Amino acid sequence: MEDYIVRGMAADNQVRFFAAYSRNLVEEARQRHETSPVATAALGRLLTAGAMMGSMCKNDTDLVTLTVRGDGPIEGLTVTADAKANVKGYAYNPVVIIPPSWAGKLDVGAAIGYGTMTVIKDLGLKEPYSGQVNLCTSEIAEDLTYYFASSEQIPTSVALGVLMNKNNTVKQAGGFIIQLMPFASDELITALEQKLANFSSITSHLDNGETPEQIIEALLEGFDVSYTDRIPTKFHCNCSKERVSKAVVSVGKAEIQKMIQEGEEIEVNCHFCNSHYKFSVDELKELYEAAK
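Here is what the cut-offs are and how they apply
- Residues numbered from 1 in each chain as written.
- Predicted model: local features only at pLDDT ≥ 70, side-chain atom pairs only at ≥ 80, totals over all residues.
- Heavy atoms only, no water.
- 1 Å grid on protein atoms, 1.4 Å probe; cavity = no way out; pocket = protein on both sides within 12 Å on 5 of 7 lines; lining within 4 Å.
- Points joined across faces, edges and corners; volume = space filled by probe spheres on them.
- Helix = DSSP H or I, 4+ residues; strand = E, 2+ residues; numbered from the N terminus.
- Nonpolar A, V, L, I, M, F, W, Y, C, P; charged D, E, K, R; others polar.
- Core = buried A, V, L, I, M, F, W, Y, C linked by side-chain atoms within 4.5 Å.
- Buried < 20%, exposed > 50% of the residue type's maximum accessible area, 1.4 Å probe, protein only.
- Contact = heavy atoms within 4.5 Å.
- Salt bridge = Lys/Arg side-chain N within 4 Å of Asp/Glu carboxyl O.
- Pairing = 2+ DSSP bridges.
- Axes fitted to C-alpha atoms, helices over the stretch in contact; angles between N-to-C directions.
- Phe/Tyr/Trp six-rings, centres within 6.5 Å; stacked < 30°, edge-to-face > 60°.
- Lys, Arg positive; Asp, Glu negative; His and termini not counted.
- Polar contact = N/O pair within 3.5 Å; in protein donor to acceptor, adjacent residues only side chain to side chain.

Asks: What is the right way to look at the layout of surface pockets in this model?
Replies: Gaps left between atoms show up when a probe the size of a water molecule is rolled over them. Taken as a whole, the largest pocket encloses approximately 970 Å³ of empty space. Lining the largest pocket are 32 residues, and of these Arg-45, Lys-105, Leu-160, Ser-201 and Thr-203 sit closest to its centre. Sorting the residues of the lining of the largest pocket by element identifies helix H2 (37-54), helix H4 (141-151), strand E8 (156-164) and helix H6 (202-207) as the ones contributing at least two each. No other element matches the nine residues that E8 contributes to the lining of the largest pocket. Residue composition of the lining of the largest pocket, by class: 15 nonpolar, 11 polar and six charged.

Asks: What is the right way to read the nonpolar core from this model?
Replies: Burial of nonpolar side chains together is a common tendency in soluble globular proteins. By size, the foremost hydrophobic cluster in this structure holds 69 residues, and its most contacted members are Met-53, Ile-74, Leu-77 and Leu-144. Broken down by element, this core gets its largest block of residues, 11 residues, from H2. Excluding residues within four positions of it along the chain, Leu-77 makes contact with Ala-42, Leu-43, Leu-46, Leu-66, Thr-67, Val-68, Tyr-90, Ala-91, Tyr-92, Ile-112 and Ile-140.

Asks: Just checking my understanding: could you explain the pattern of salt bridges for this structure?
Replies: When their charged atoms lie close together, side chains carrying opposite charge are able to pair. Under the criterion given, the structure shown has 10 salt bridges. In this structure, Arg-45 engages Glu-139 in a salt bridge whose closest nitrogen and oxygen atoms are separated by 2.7 Å. Linking Arg-45 in helix H2 with Glu-139 in the loop between strand E7 (129-134) and H4, this pair joins segments that are 94 residues apart in sequence. Looking at Arg-45, the relative accessible area reads 13%, which means it is buried. Salt-bridge contacts for Lys-121 lead to Glu-152; the nearest nitrogen and oxygen are separated by 2.7 Å. Of this pair, Lys-121 sits in strand E6 (residues 115-122) while Glu-152 sits in the loop between H4 and E8, and the two are 31 residues apart along the sequence. As far as the burial class goes, Lys-121 and Glu-152 line up, both buried.

Asks: Got a minute to help me understand the sheet that holds E7 in this structure?
Replies: Strands in a sheet are paired, the pairing made by backbone hydrogen bonds, and the direction either parallel or antiparallel. Read from one edge to the other, the open sheet built from six strands follows the order E7-E6-E3-E4-E5-E11, with strand pairing classed as mixed. The open sheet terminates on both sides in strands that have one partner only, identified here as E7 and strand E11 (234-235). Note that strand E4 (residues 76-82) and strand E5 (residues 86-91) share five bridges and pair antiparallel. Its bridge partner lying in E5, Thr-80 is registered against Lys-88. Its contacts with the sheet put H2 on strand E3 (63-70), E4, E5, E6 and E11, and the angle it makes with E4 is roughly 25°. Set on the sheet, H4 makes contact with E6 and E7; between it and E7 the angle comes to about 120°.

Asks: Would you explain the packing of aromatic side chains in this entry?
Replies: For any pair of aromatic rings, geometry is given as the distance between the ring centres together with the angle between the planes. For the structure shown, the criterion picks out five aromatic pairs. With a centroid separation of 5.2 Å and 85° between ring planes, the pair formed by Tyr-90 and Phe-272 is classed as edge-to-face. Of this pair, Tyr-90 sits in strand E5 while Phe-272 sits in the loop between strand E12 (266-269) and strand E13 (276-279), placing them 182 residues apart in sequence. Taken as a pair, Tyr-90 and Phe-272 share a single burial class, namely buried.

Asks: Hey, could you run me through the side chain of Lys-88 in this one?
Replies: Positionally, Lys-88 belongs in strand E5. No salt bridge is formed by the buried Lys-88; its nearest oppositely charged neighbour, Asp-82, is found at 8.4 Å. In terms of polar contacts, Lys-88 uses its side chain to reach the side chain of Asn-238, at 2.9 Å. Apart from residues lying up to four places away in sequence, Lys-88 is in contact with Leu-47, Thr-78, Val-79, Thr-80, Phe-235, His-236, Cys-237, Asn-238 and Phe-272.

Asks: Even after reading the chapter, I still don't get unusual backbone geometry, so can you show me in this structure?
Replies: Keep in mind that most residues, glycine aside, have a negative phi and that most peptide bonds are trans. Within the chain, Asp-12 stands out as a residue other than glycine whose phi angle is a positive 55°. Relative to the elements of secondary structure, Asp-12 occurs in the loop between strand E1 (4-10) and strand E2 (15-21). Since its relative accessible area comes to 64%, Asp-12 is described here as exposed. A positive phi angle, near 80°, is found at Ile-140, a position not held by glycine. Mapping Ile-140 onto the fold places it in the loop between E7 and H4. According to the relative accessible area criterion, Ile-140 is buried, its value standing at 1%.

Given below as structure tokens:
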């Protein structure tokens, strides 16, 4: 199944929702960064959330960046998504290995540790919007739920999950974001809270063959679900040798001159997609001329 996000409304527009199937993009991130299982789970959750939050943007040029920093061995995660649900990201320590949790599951919370989550929205205004919260569980979904409530004052339920195969490839990945509108009735809130309390996990539903639509329809049964659209989502990085060249130029003539004097080609890596770009001495000389 291809990766995609569905968006829609329910309960006479008292609820809006986003639901994603993201196995392929999480698997691509795993392959690109050669992440360990727990790093794959952590990064996969944040990538899925980022894709859905990117799809909330109105303008094609809008960007959302999610950064998690913690005192655990993974150190941190950064994910960026655009309005077309193109998403990219990386784990600061992609090969971290820690024991499973008491429940026998990948312990994302312990891998991240105590820290903060920062959400930056570049919406084309003079200054990007930035909100930061302390991590409450470091499991990412609960932390985003807290972020929406405290920074954006939107009652929200977030579910995210990554299920691994025994060979450490990604078996299932997905999630949903369900938000209440300001005029949501108390009766609706109570009914929805009960449904969410009885929800098992996103990966168990996906592993049973359910689609994001089926998961939403089960959660919002009786609430008159209507879909506004279905959009593809994928792991996509807009880096290129030309863009990386500009980054090299930005370090200034003195630094480029040192590279040239060393007489060896250099390699520049993209953090987001782990692509490698090499520059020969002759190419460095051209960049030196372009530098200020």
